[in-house]
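# Chain and residue survey
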Amino acid sequence: MSEEKYIPKSKLAEWFDSRLPLLSLSHHLKSYPTPKNLNYWWTFGGILTFCLITQIVTGVILGMHYVAHTDHAFESIEHIMRDVNYGWLLRYVHANGASMFFLAVYIHIFRGLFYGSYKAPREIIWIIGVIIYLLMMATAFMGYVLPWGQMSFWGATVITNLFSAIPLVGESITTWLWGGYSVGNPTLTRFYALHYLLPFLIFGLIILHIWALHIPGNNNPIGIDVKKNSNETMPFHPYMVMKDITALLVFIIIFFWFVFFAPNALGHPDNYIEANPLVTPTHIVPEWYLLPFYAILRAIPSKLGGVIFMFAAIFVLVLLPWLDTSKVRSSIFRPIYRKFFWVLVATVILLGYLGAKPPEGIYLVLSRIATAYYFIHFLILLPVLGRYEKTDQLPMSISDPVLDKPGLIDKFKKAAGKYEGDNVKSFK
Amino acid sequence: MSKKLMPKRRDFLFTATYTIGAVGLVSAIWPLIDQMNPDSSVKALSTTEVDISAVEPGKTITVLWRGKPIFIRRRTKQEIDEAAAVDLKDLKDPEKDSDRAKNPEWLVMIGVCTHLGCVPLDNKGEYNAWFCPCHGSHYDTSGRIRKGPAPTNLEIPKYEFVNNNIIKIG
């Protein structure tokens, strides 16, 4: 990347940096050129980093008080809530933090979809992102099992049973996952160990995600390549840092509104009943962020088929950079894709709604239609649009859409003229 | 192939070393995988005896075996007749009722839906027998899948009548 090199300011800095170039890294992160037209949808990367760190910090502390044993887990959660100093706060931040993490990641993903951030040369960033998303779902699922409530137990039972759909080896795989013949203590302890481990894998993947991002640099709302270190970019610090912090503060307000005023709004009351392997709750649903996939699972009238379609719904995202053949990245210049993008958003929200409803009557019909549309969007619409859509004229520079408004330059000149007199004739 | 590209002694040694290394690595991984399978203490709890003398006709009791619920239902005459009268062609997973219940009065099944493992509710659903609330599978009075996403009938565990009052499961 063409970027000014770090020049050590002291002998000590030079000595250190030539042995371990952390100062060069820090310099790179600060001066990393970002397109000047990034909007607030680009602040979710920073927000997500905040979410991960919050989850790790609160999670490690909760781990000091939690007991991973079927006889004590439920009790130890109550102990955290009632006895441990600020235990209620830490647990509510951790539980709602998971929801907020997914809220942010969904916005981040749809941002990528709208502005075509997955397209060349950013395919690897996107694929690492999909893997992070998969690991997030696995981590969240295993975390939800730990309180050992009714939803924990039956959620674990249903999700692990997904693997029993695999022909021939399915039963052995579920037995292996459980460490027994049903979800039990061996299952709980291994889920705890993995729930502790996976966030650190996610952390590692986020480093790769950012590394891969820093090779081509950020996409931007216009979607055309920017000239680095020109007047089209700004250093990450302080410009993007300030913007990220502004967005983060708004995000934290929403986050902590849930923590303090509606800490259980996103959870399920049945999870405050201790796990009972003899009684399934009449209405079992996963956490809200998994509902669209749950709806797809139930829409297919076959066990193996449902599982295949559910995993395919995520896997199709890996292929996305090659399914969308349009050379134009940003939806701003794709009049037809832009409409289908919003249909996709509506479809995913509809699937989420249907995932929370019983799988019968109109709900079942709608979830089949929505499932079909989801796959049609990726597998048919995107390749076809890439060929036949007539895209709008792309600007030459990311500045043009701002500066090309008639009268705008005159307005600037007039405003600037007040301060600088005649010198502004050379403006632009 | 020119002489220079012919495999040399050194290439052979490299390949052999990699191969032995790979075999060693795979065999070292096996204990790490197998430790997750059911351990000896879990396997030891493999039978359970149940006293069924207090069960009235038309009632089901549920006991726990290997962490799974076992339904033991004393079926009514009507239920037995209904189960026996079903044409095997109407079944998704064809099985005769007489093969499922050694003693037609007693139906012993693993109470785990064969779809995704929920516990079906009894006296519910379209066949007024078992119904799984999770994803809507309907089972008949013999525990056979009739409607919904479950692929197979409710499983019959290994069991035997020790005497008229005691069933040994496992």
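Before reading on, note that the structure itself is shown above.
A brief report on the enclosed structure follows. (Residues numbered from 1 in each chain as written. Chains lettered and ligands numbered in written order. Predicted model: local features only at pLDDT ≥ 70, side-chain atom pairs only at ≥ 80, totals over all residues. Heavy atoms only, no water.)

## Here we look at the pattern of salt bridges
Enumeration according to the criterion identifies 15 salt bridges over all chains in this entry. A salt bridge links K227 of chain A to E232 of chain A; the shortest N-O distance between them is 3.7 Å. For E126 of chain B, the salt bridge goes to K147 of chain B, with nearest N and O atoms at 2.8 Å. Of this pair, E126 of chain B sits in the loop between β5 (121–124) and β6 (129–132) while K147 of chain B sits in strand β8 (residues 145–147), and the two are 21 residues apart along the sequence. Given a relative accessible area of 40%, K147 of chain B falls into the partly exposed group. (Salt bridge = Lys/Arg side-chain N within 4 Å of Asp/Glu carboxyl O. Helix = DSSP H or I, 4+ residues; strand = E, 2+ residues; numbered from the N terminus. Buried < 20%, exposed > 50% of the residue type's maximum accessible area, 1.4 Å probe, protein only.)

## Section: the nonpolar core
In terms of nonpolar packing, the biggest core is built from 120 residues, with F102, L113, Y374 and F378 of chain A touching the most fellow members. V55, I72, I110 and I169 of chain B belong to the second largest nonpolar core, which has 14 residues in total. (Core = buried A, V, L, I, M, F, W, Y, C linked by side-chain atoms within 4.5 Å.)

## Points about the interface of chain A and chain B
Each partner contributes to the interface: chain A provides 26 residues, whereas chain B provides 26 residues. Broken down residue by residue, the surface that chain A buries against chain B is led by W176, Y181 and K303 of chain A, which jointly contribute 32%. Where the side of chain A that touches chain B is concerned, the elements lending two or more residues are α7 (150–161), α8 (170–178), α9 (185–214) and α11 (291–299) of chain A. Examining the composition of the side of chain A that touches chain B, we find that 4 residues originate from one element, α7 of chain A, more than from any other. Of the residues contributing to the side of chain A that touches chain B, the split by class is 14 nonpolar, 9 polar and 3 charged. (Contact = heavy atoms within 4.5 Å. Buried area = accessible area lost by both parts, 1.4 Å probe. Nonpolar A, V, L, I, M, F, W, Y, C, P; charged D, E, K, R; others polar.)

## A few points about the state of the cysteines
All names here are of chain B. A full pass over the atoms with the stated rule returns 1 disulfide over all chains. Between the sulfur of C118 and that of C134 lies a disulfide, 2.1 Å long from S to S. The S-S bond linking C118 to C134 shows a torsion near -100°; that makes this disulfide left-handed. Residue C118 is located in the loop between β4 (106–110) and β5, and its partner C134 is located in the loop between β6 and β7 (137–139); the two are separated by 16 residues in the primary sequence. We classify C134 as buried; its relative accessible area is 2%. In this structure C113 is not part of a disulfide, and its nearest cysteine sulfur, from C132, lies 3.7 Å away. Look at C113 and you get buried, because its relative accessible area is 3%. (Disulfide = S-S within 2.5 Å.)

## Looking at the packing of α11 of chain A against helix α14 (residues 361–388) of chain A
All names here are of chain A. For the pair α11 and α14, interaxial distance at closest approach is 9 Å and the crossing angle is 105°. Between α11 and α14, the angle is such that the two are roughly perpendicular. Across from A295, I296, R298 and A299 in α11, the residues of α14 making contact are L364, S367, R368 and T371. Per-class residue counts for the contact of α11 with α14 are 4 nonpolar, 2 polar and 2 charged. (Axes fitted to C-alpha atoms, helices over the stretch in contact; angles between N-to-C directions. Parallel < 35°, antiparallel > 145°, perpendicular 65-115°, else oblique.)

## Some remarks on a nonpolar patch on the surface
Residues L12, W15, F16, L20, L22, L25 and L29 of chain A make up a contiguous nonpolar surface patch of about 690 Å² in total accessible area. Those elements that place two or more of their residues in the nonpolar patch are α1 (11–19) and α2 (22–31) of chain A. (Patch = residues over 30% accessible without salt bridge, like charges linked within 9 Å, V, L, I, M, F, W, Y side chains within 5 Å. Areas by Shrake-Rupley, 256 points an atom, 1.4 Å probe, with all protein chains shown as cover.)

## What about unusual backbone geometry?
Residues and elements named next belong to chain A. Of note, the amide linkage connecting A120 to P121 takes the cis form, showing an omega dihedral of 0°. Here P121 is to be found in the loop between α5 (87–115) and α6 (123–145). A cis amide bond links H237 with the next residue in sequence, P238, at an omega value of 10°. By secondary structure assignment, the location of P238 is in helix α10 (residues 236–261). We note that L168 has phi near 70°; this positive angle belongs to a residue other than glycine. Within the secondary structure, L168 sits in the loop between α7 and α8. For L168, a relative accessible area of 88% gives the class exposed.

## Side note on the side chain of K68 of chain B
Here K68 of chain B shows up in strand β3 (residues 68–74). Buried within the structure, K68 of chain B lacks any salt-bridge partner; its nearest side chain of opposite charge belongs to E155 of chain B, at an N-O separation of 5.5 Å. Beyond its immediate chain neighbours, meaning those up to four positions away, K68 of chain B contacts Y181 and S182 of chain A together with V63, I110 and V112 of chain B. (Lys, Arg positive; Asp, Glu negative; His and termini not counted.)

## Here's the deal with the environment of I308 of chain A
All names here are of chain A. Along the polypeptide, I308 turns up in helix α12 (residues 303–323). The class for I308 is partly exposed, based on a relative accessible area of 49%. Distance from I308 to L162, taken between C-alpha atoms, is 9.6 Å for residues 146 residues apart in sequence.

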